Amino acid sequence: QVQLVESGGGLVQPGGSLRLSCAASGTSTSFTSMGWYRQAPGKQRELVARFLDTGTANYANFVQGRFRISRGNAKDTVYLQMDSLKPEDTAVYYCNVQNPLIGTFWGQGTQVTVSS
């Protein structure tokens, strides 16, 4: 069973930065996609950014160059560097990994609050 452990959320002022980390364990199968989604109160969960096994990174339009996704050398860790944070970025951020052979897995979520 794949387990995802997230860290790095918290409270930050507008314009500040946070770095989220997600470490996967429980499988030797590589992931075809590793990424981050978020869900704000009263809204649907939405893609923030994902890193594909082709080496391509996809970003949501609202990122607008403020966030950067990366993977660790062992490819079982994914990071999300978030800069120039805005109050509208406030949400619970979820790590997501996928492989058609074993399924889709979610982390427990980490709260990001952007407020002065």
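Residues numbered from 1 in each chain as written. Predicted model: local features only at pLDDT ≥ 70, side-chain atom pairs only at ≥ 80, totals over all residues. Heavy atoms only, no water.

A.B. asks: Explain the state of the cysteines to me, and be specific about the residues and the numbers.
C.D. replies: A covalent bond bridging the sulfur atoms of two cysteines is what the word disulfide describes. Inspection of every chain in the model, using the stated rule, returns one disulfide. Here C22 engages in a disulfide with C95; their sulfurs sit 2.1 Å apart. Measuring handedness by torsion sign, the sulfur bridge of C22 and C95 sits at about -80 degrees and is left-handed. Of this pair, C22 sits in strand β3 (residues 18-25) while C95 sits in strand β9 (residues 91-99), and the two are 73 residues apart along the sequence. Judged on exposure class, the residue C22 and its partner C95 are both buried. (Disulfide = S-S within 2.5 Å. Helix = DSSP H or I, 4+ residues; strand = E, 2+ residues; numbered from the N terminus. Buried < 20%, exposed > 50% of the residue type's maximum accessible area, 1.4 Å probe, protein only.)

A.B. asks: Go over the pattern of salt bridges, please, and point to the residues and values.
C.D. replies: Summed over the entire model, instances satisfying the criterion amount to three salt bridges. D89 is the salt-bridge partner of R38, the closest N and O atoms lying 2.9 Å from each other. Highlighted residues: R38 in strand β4 (residues 33-39) and D89 in the loop between β8 (77-82) and β9, separated in sequence by 51 residues. Here the two residues R38 and D89 agree in accessibility, since each one is buried. Across the pair D89 and R66 runs a salt bridge, and its minimum N-O distance is 2.7 Å. Linking D89 in the loop between β8 and β9 with R66 in the loop between β6 (57-59) and β7 (67-71), this pair joins segments that are 23 residues apart in sequence. Residue class for D89 comes out buried when judged on its relative accessible area of 1%. The class for R66 is buried, based on a relative accessible area of 9%. The structure contains a network of salt bridges with shared partners spanning R38, E46, R66 and D89. (Salt bridge = Lys/Arg side-chain N within 4 Å of Asp/Glu carboxyl O.)

A.B. asks: I'd like a description of the packing of aromatic side chains, backed by residues and values.
C.D. replies: Inspection of the entire model under this criterion finds two aromatic pairs. The interplanar angle of 70 degrees and the centroid separation of 5.0 Å between the aromatic rings of Y37 and W106 together place this pair among those described as edge-to-face. Of this pair, Y37 sits in strand β4 while W106 sits in strand β10 (residues 103-106), and the two are 69 residues apart along the sequence. Aromatic pair Y94 and W106: ring centres 6.5 Å apart, planes at 85 degrees, arrangement edge-to-face. Within this pair, whereas Y94 is found in strand β9, its partner W106 is found in strand β10, the two being separated by 12 residues in sequence. Taken together, the aromatic side chains of Y37, Y94 and W106 make up a single cluster linked through ring pairs. Residue placement shows R19 over the ring face of Y79; its charged tip is 4.1 Å from the ring centre. We note R45 situated over the ring of W106; from NZ or CZ to the ring centre the distance is 4.6 Å. (Phe/Tyr/Trp six-rings, centres within 6.5 Å; stacked < 30°, edge-to-face > 60°. Lys NZ or Arg CZ within 6 Å of the ring centre and 35° of its normal.)

A.B. asks: An account of the pairing of β8 is requested, with residue identities and associated values reported.
C.D. replies: Side-chain positions along a regular strand alternate between the two faces of the sheet. As defined by bridge partners, β3 adjoins β8 across six bridges and the pair is classed as antiparallel. Directly across from C22, in β8, lies its bridge partner V78. As defined by bridge partners, β7 adjoins β8 across five bridges and the pair is classed as antiparallel. Along β8, the bridge assignment pairs F67 with M82. Between β7 and β8, which pair antiparallel in sequence order, lie five residues; one of them, K75, sits at a positive phi of approximately 60 degrees. (Pairing = 2+ DSSP bridges.)

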